[in-house]
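Examining the three-dimensional arrangement
These are the residues of each chain, in order.
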Protein chains: 2
Amino acid sequence: MVIVSKQNPLVKELSALLEKKGRRERGTFLVEGEKMVREAVACGMDVRRIVVREDYAGETFDALPRVTLGGGAFAAVSSEKTPQGIAAEVALPVREVRPPAGRCLLLDGLQDPANVGAIVRTAVAAGYGDVYLADCADPFSPKSVRASMSGVFFARLMQGAREELLAALAGVPVIAADMGGEDAFSFRAPEVFCLAVGSEGRGLSPEVRARADKTVRIPMDARTESLNAAVSAGILMYALRTSY
Amino acid sequence: MVIVSKQNPLVKELSALLEKKGRRERGTFLVEGEKMVREAVACGMDVRRIVVREDYAGETFDALPRVTLGGGAFAAVSSEKTPQGIAAEVALPVREVRPPAGRCLLLDGLQDPANVGAIVRTAVAAGYGDVYLADCADPFSPKSVRASMSGVFFARLMQGAREELLAALAGVPVIAADMGGEDAFSFRAPEVFCLAVGSEGRGLSPEVRARADKTVRIPMDARTESLNAAVSAGILMYALRTSY
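Residues numbered from 1 in each chain as written. Chains lettered and ligands numbered in written order. Predicted model: local features only at pLDDT ≥ 70, side-chain atom pairs only at ≥ 80, totals over all residues. Heavy atoms only, no water.

Re the pattern of salt bridges
Let me state the cut-off plainly: We define a salt bridge as a contact between a side-chain nitrogen of Lys or Arg and a carboxyl oxygen of Asp or Glu at a distance within 4 Å. In this text, helices come from DSSP runs of H or I with a minimum length of four residues, and strands from runs of E with a minimum of two, each type numbered from the N-terminal end. Type-normalised accessible area, obtained with a 1.4 Å probe on protein chains alone, sets the label of each residue: buried when under 20%, exposed when over 50%, and partly exposed for intermediate values.
Within the structure shown, the criterion is met by 42 salt bridges over all chains. Across the pair R121(B) and E200(A) runs a salt bridge, and its minimum N-O distance is 3.1 Å. Within this pair, whereas R121(B) is found in helix α5 (residues 113-126), its partner E200(A) is found in the loop between β10 (194-198) and α9 (206-211), the two belonging to separate chains. A relative accessible area of 4% places R121(B) in the buried class. E200(A) sits in the partly exposed class, given a relative accessible area of 36%. Across the salt bridge formed by R26(B) and E89(B), the nearest N and O atoms sit 2.6 Å from each other. One end of the pair, R26(B), is in helix α2 (residues 20-26); the other, E89(B), is in strand β5 (residues 86-91), with 63 residues separating them in the sequence. Among the charged side chains, a network of salt bridges with common partners joins E13(A), R26(A), R49(A) and E89(A).

Quick look at the structure:
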C-alpha cells in the first residue's frame, strides 16, 4: 500500500521530525539516504521503520518494517532538496549524563547545526567518544545528522544544562579553546581531559570559562581573527590527541 | 537618489554578480555586511562602489562612490537571507599563475563553495598564502566569500586548468592527502611544499595523484571513512606546518 496523502497521520508524524519538538515528542529522528540508513542498521541503532518513496529502486532492508509513500508525501517528510527516496526512522539514543570514559568534548553554545554535525563526525574520528552539548543546536536535526555522516550513531551525545554537564565533568581537566591561551601544538594534554569549544561569535560562556583549568589557542596569522567552528574544533581535537 | 527598480541597469549588473558568468564579465564580486566591507577597504582591495539599502544606518564609507537602493532592489543583489543592508563591489583580484612563495595549497575538485571559503580562511591563518584551485567552486561566489570571512582578500587565489597549475608547481614537493598515506602527524614536511587536497566524494584527480611526491593521512577511528573537506584540510595544514 502506498500512502499518498500528506494529511495521513503517519506522514504528519514523520514530517514533525523535521523539528526538535516533534523529535522529542515521538522519541525518534530521521536518517536519510541509502548509505546512512545502511550504517544505522549495521551499527545496531533501534530502527523503527524504513520509509521509501514508491519509485525508489535501491536496497530496501526487507527485514525491517517498511512504509511506502507517494512522491508528495515523501517530500513532506524529507529535508533534502533532491531526496534519494529512502529514510529510516530511528529511536533517539537516550544518553544519561555521566562522566567521560576518556578524552571528551564539550560544545558550548554552538548554534549552527551543520557545524555541530561536522564536529561530531570529527570527534568520532579523533577518539573523543563522549560529547557534551550545552546550549547547542540539536545534533539530531536533519542538517546535523547529514553533516555528521554516521557520527551521531557512534558518539555518545549528551545534551543538558551547563551545570549538569559541568557536574559530570567534576575532576576532569577542562582545556578550553581561547585566543589568549597557550599554543595548542606545544601543550601536552593528559590522557583524560575535556576539550571545551565555544561559538565563533561569542566564544565560551562565563560558566565554562570559569571552569577551565587551561586555555589553548590555534596559532594564526595576525590578519585572521578566528576560524570556522568545525575547522577549529577539528584542529584542536587532533592537536591535543596524545596518541599520535 | 534612491534606485528602487530591479530593472535599473546597475541593479541588473550587480545582481548578475551572484553568478560566476556575471562576475567574470564585469570583473568584480560583491562583499556583504559591514565587517567584511570594512576589511575590504582597510586591506586595500580595489573597491568600486559601496551599495547601501536606503534604511541602512551603519558606517557608509563616505570616501568611496556610493549607490543607494530601495529594499526590493537591494534584496535582488544580495545573497543573504537577512541582509544587513550594506555591500561593496570589489574588483576581482587578477592573479597570474606563478610558483609559490612558501608552503601552499592545491585544491583539487572541491565543489562546495562554503568548504572552499572555509579552507581559504584557514589557509590564511595557517600561512598557506598561495592557493591553487583546480576544478573547484569559484572562491568569489557569495557563499564562498562569506565562509572565507576576509580570507579571499589575503590569500593569493589562482584558478586554472590542472596542467597549468601543476606546471607552476614544478620542482615543489607535492604532499597529497590520501587515506593510504603516512600519518600526517609523524611526517616532517620541508619548508616549501604544496599540500594537495581532493574532494570528499571523489578524492584526488589522477593527474594530481600522479604528481604527488608523498601521501599523508589523518589517523582516524576505524568507523570513520572521511572528514568534512574543510575540517580535514584544516587539520592537515596545521599538521604539516613546520614552524609551530
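So much for the structure itself; the text now carries on.
Notes on helix α5 (residues 113-126) of chain A
Residue and element names in this part refer to chain A. Applied cut-off: The span expected for a helix works out to 1.5 Å for each residue beyond the first. Here a polar contact means two N or O atoms within 3.5 Å. Within protein one must be a hydrogen donor candidate and the other an acceptor candidate, and residues neighboring in sequence count only if both atoms are side-chain atoms.
Between its terminal C-alpha atoms α5 stretches 20 Å, which fits the 20 Å expected from 14 residues at 1.5 Å a residue. Of all 14 residues in α5, 13 are buried; the element is thus mostly enclosed. If you check the start of α5, you find a side-chain oxygen 2.9 Å away from the backbone N of A114, and it comes from D112. One or two positions beyond α5, positive phi appears at G127, with a value near 80 degrees.

Some words on the nonpolar core
To keep it simple, the criterion reads: Among the buried residues, those of types Ala, Val, Leu, Ile, Met, Phe, Trp, Tyr and Cys that are joined through side-chain atoms within 4.5 Å form a nonpolar core. Note on definitions: a residue-residue contact is assigned when non-hydrogen atoms from the two residues lie within 4.5 Å.
Counting 119 residues, the largest nonpolar core has F29(A), L105(A), F29(B) and L105(B) as its most contacted members. Every residue in contact with L105(A), bar those within four places of it in the chain, is listed here: I119(A), A123(A), Y128(A), D130(A), V131(A), Y132(A), C194(A), L195(A), V197(A) and M237(A). Counting residues in hydrophobic clusters, the runner-up holds 18 residues, among them L106(B), A134(B), A176(B) and A196(B).

Considerations on the side chain of D130(B)
Residues and elements named next belong to chain B. Stated precisely, the cut-off is as follows: Within this scheme the basic residues Lys and Arg register as positive and the acidic residues Asp and Glu register as negative, but His and the chain ends are omitted.
Mapped onto the elements of the fold, D130 is located in strand β7 (residues 130-134). Despite being buried, D130 has no salt bridge partner; R98 is the closest side chain of opposite charge, sitting 4.3 Å away. Beyond its immediate stretch of four places on either side in the chain, D130 contacts R98, P100, A101, G102, C104, L105, R156 and M158.

Notes on the environment of E34(B)
Residue and element names in this part refer to chain B. Its location among the elements puts E34 in helix α3 (residues 34-42). Considering only alpha carbons, one finds E34 and G85, 51 residues apart in sequence, at a separation of 8.5 Å. Of the polar contacts made by the side chain of E34, one reaches the side chain of R38; its length is 2.6 Å.

What about the sheet that holds strand β10 (residues 194-198) of chain B?
Residue and element names in this part refer to chain B. Heads up, the rule is: At least two DSSP bridges between two strands are required for those strands to pair. For helices, the fitted line uses only the C-alpha atoms of the stretch in contact; every axis is such a line through C-alpha atoms, and the angle between N-to-C directions lies from 0 to 180 degrees.
The strand order across the open sheet built from 6 strands is β8-β7-β6-β10-β9-β11, with neighbouring strands paired in parallel fashion. Here the strands that pair on one side only, and so sit at the sheet edges, are β8 (156-160) and β11 (214-217). For this sheet, the mean inter-axis angle between neighbouring strands, taken without regard to orientation, is 35 degrees. Strand direction decides the pairing type here: strand β6 (residues 104-108) and β7, joined by 5 bridges, are parallel. In the strand pairing of β7, D108 is matched with A134. Against the sheet, α5 touches β6, β7 and β8, its axis set at about 170 degrees to β6. Strand contacts of helix α10 (residues 229-240): β6, β9 (174-183), β10 and β11, with the helix running at about 160 degrees to β10, the strand carrying the most contacts.

So, the relation of the copies chain B and chain A
Filter applied, for reference: What sets the superposition is a least-squares fit of C-alpha atoms, and only residues with pLDDT of at least 70 in both copies go into it.
By a simple turn and slide, chain B fits onto chain A: the slide is 0.0 Å along the axis, the RMSD is 0.0 Å, and the turn is 180 degrees. Taken together, the rotation and translation relating the two chain copies correspond to the operation of a two-fold axis. Here 100% of the interface residues in chain B have copies in chain A that are interface residues too; the copies meet face to matching face.

What to know about the packing of aromatic side chains
Residues and elements named next belong to chain A. Filter applied, for reference: Pairing of aromatic rings covers Phe, Tyr and Trp, the last through its six-membered ring, and needs centres within 6.5 Å; plane angles under 30 degrees mean stacked, over 60 mean edge-to-face, and all others mean tilted. To sit over a ring, a charge needs its Lys NZ or Arg CZ within 6 Å of the ring centre and within 35 degrees of the ring normal.
Tallying each qualifying case throughout the model produces 6 aromatic pairs over all chains. With a centroid separation of 5.9 Å and 80 degrees between ring planes, the pair formed by Y128 and F193 is classed as edge-to-face. Within this pair, whereas Y128 is found in the loop between α5 and β7 (130-134), its partner F193 is found in the loop between β9 (174-183) and β10, the two being separated by 65 residues in sequence. A cation sits over an aromatic face here: R53 above F74, 5.7 Å from the ring centre.

Points about the domain arrangement of chain A
Residue and element names in this part refer to chain A. Applicable threshold: Each domain span listed reflects an automatic or database assignment of domains. Any residue outside Ala, Val, Leu, Ile, Met, Phe, Trp, Tyr, Cys, Pro, Asp, Glu, Lys and Arg is labelled polar, Gly included; the first ten of those are nonpolar and the last four are charged.
Split into domains, chain A comes out as domain 1 (2-91) and domain 2 (104-240). For domain 1 versus domain 2, the separation of C-alpha centres amounts to 30 Å. Taken together, the contact pairs 14 residues of domain 1 with 12 residues of domain 2. Close ionic contact of D138 with R24 constitutes a salt bridge, the shortest N to O distance being 4.0 Å. On the surface where domain 1 and domain 2 come into contact, there are 6 residue pairs in polar contact (both at pLDDT 80 or more). Those elements giving two or more residues to the side of domain 1 that touches domain 2 turn out to be α2 (20-26), β2 (28-32) and α3 (34-42). Class assignment of the residues belonging to the side of domain 1 that touches domain 2 gives a composition of 8 nonpolar, 1 polar and 5 charged.

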